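Take a look at the letters that make up each chain.
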Amino acid sequence: MLSEAVSFIKSKIGDFEPEIGIVLGSGLGELADEFCDIALDYSDIPNFEASTISGHKGRLVFAEISGKKVVMMQGRFHYYEGHSIEKVVFPIKVMKKLGVKTLILTNAAGGVNPSFNPSDLMIITDHINFMGVNPLIGKNDDSMGTRFPDMSEVYDSNLVELVQKVGDSIGVDLQEGVYMALTGPSYETPAEVRMAKVIGADAVGMSTVPEAIVASWAGMKVIGLSCICNSAAGVSTVGLSHDDVIRAANIAKDKFKKLVKEVVKKL
Ligand code: HPA
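Caption draft 1: Examining the overall build of the protein chain more closely. From N to C terminus, the protein chain includes seven helices and nine strands. The C-alpha radius of gyration of the protein chain comes to 17 Å, within 12% of the 18 Å expected for a compact globule of 267 residues. The dimensions of the protein chain, computed from C-alpha atoms along their principal axes, are 50 × 40 × 35 Å. Counting all 267 residues of the protein chain, 56% fall into the buried class. For the protein chain, restricting intrachain contacts to residue pairs at least 6 apart in sequence, the fraction spanning at least 24 positions comes to 82%. Accessible surface computed for the protein chain: about 11,200 Å², of which carbon and sulfur atoms make up 50%. Positive and negative side-chain charges in the protein chain, numbering 26 and 33 respectively, have mean positions lying 3 Å apart.

This is the structure:
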């Protein structure tokens, strides 16, 4: 299954060997419009699903950014769309097989930490898997990773430091914190957000963690970046809407793109 997708992609990209993978979250897909050498629609790739949510396109985009060969997912598969967790993480396994060593996972998230403001960017330092499912359940593919992988440092601490330094150098302020993933698609209740805060989360969202688990298992270095699009339910008195999330991502997207380009240069 995996080999079918990988062979198809290789037949389209020839000797382009991406070393960096980027998963572009809600409202952050523009980087793949700016840099696009080869684009493959998910619907054309064997065993890929089609992405269904607005604000997400649905293409695998290959490009050289800051002199580095990069593969980008313009739109990801979410568990809440009804995809199996295997389908959600399938592209990460494909990236590994294509030669990706470092994976940048990005997302839109709600701020749990009261000092965060909408349109802030947060470097993920750790995560809490609250999705009730683990993408590694099932027969283990020993060729990719071990049965009981260590998750002590999913988000490479040297890379957290590097991203922080890059942020400083280009004048982009960055928060740091723990990302907690829930399935969605309903946003959290204020009680759930209070729980998230008590157990150590700074932000909540509906993605990223399954991909990070698989990438770490498969030996990739992972960078996580959240665009804090809103204060999570109950943190502020304002209600939540997907439109507001996309609007905040739009405000943040220029600094986001600048940051990612500069980080890619330094990897
Ligand atoms: N909760 C979960 N996911 C989100 C949020 C939120 O408040 N904002 C953007 N994605």
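Caption draft 2: Layout of the pairing of strand β7 (residues 174-181). Of all eight residues in β7, six are buried, a share of seventy percent or more. As for the winding sense of the linkage, the β-α-β connection from β7 through helix α5 (residues 190-198) to strand β8 (residues 203-205) is right-handed.

Caption draft 3: Region of interest: the pattern of salt bridges. If you walk through the whole model with that rule in mind, you get eleven salt bridges. Note that D33 and R59 form a salt bridge whose closest N and O atoms lie 3.5 Å from each other. A residue pair is termed long-range when its members are at least 10 positions apart, and D33 in helix α2 (residues 31-34) and R59 in strand β3 (residues 59-65) qualify at 26 residues. The partly exposed category is assigned to D33, whose relative accessible area is 41%. For E262, the salt bridge goes to K265, with nearest N and O atoms at 3.6 Å. Highlighted residues: E262 and K265, both in helix α7 (residues 242-266), separated by three residues, approximately one helical turn. Salt bridges sharing partners connect three or more residues here, namely E30, E34, K253, K257 and K261.

What counts as what
Residues numbered from 1 in each chain as written. Predicted model: local features only at pLDDT ≥ 70, side-chain atom pairs only at ≥ 80, totals over all residues. Heavy atoms only, no water. Helix = DSSP H or I, 4+ residues; strand = E, 2+ residues; numbered from the N terminus. Rg over C-alpha atoms; globule rule 2.2 N^0.38 Å. Buried < 20%, exposed > 50% of the residue type's maximum accessible area, 1.4 Å probe, protein only. Contact = heavy atoms within 4.5 Å. Areas by Shrake-Rupley, 256 points an atom, 1.4 Å probe, with all protein chains shown as cover. Lys, Arg positive; Asp, Glu negative; His and termini not counted. Charge placed at Lys NZ, Arg CZ, Asp CG, Glu CD. Right-handed = clockwise from strand over helix to strand, strands pointing away. Salt bridge = Lys/Arg side-chain N within 4 Å of Asp/Glu carboxyl O.

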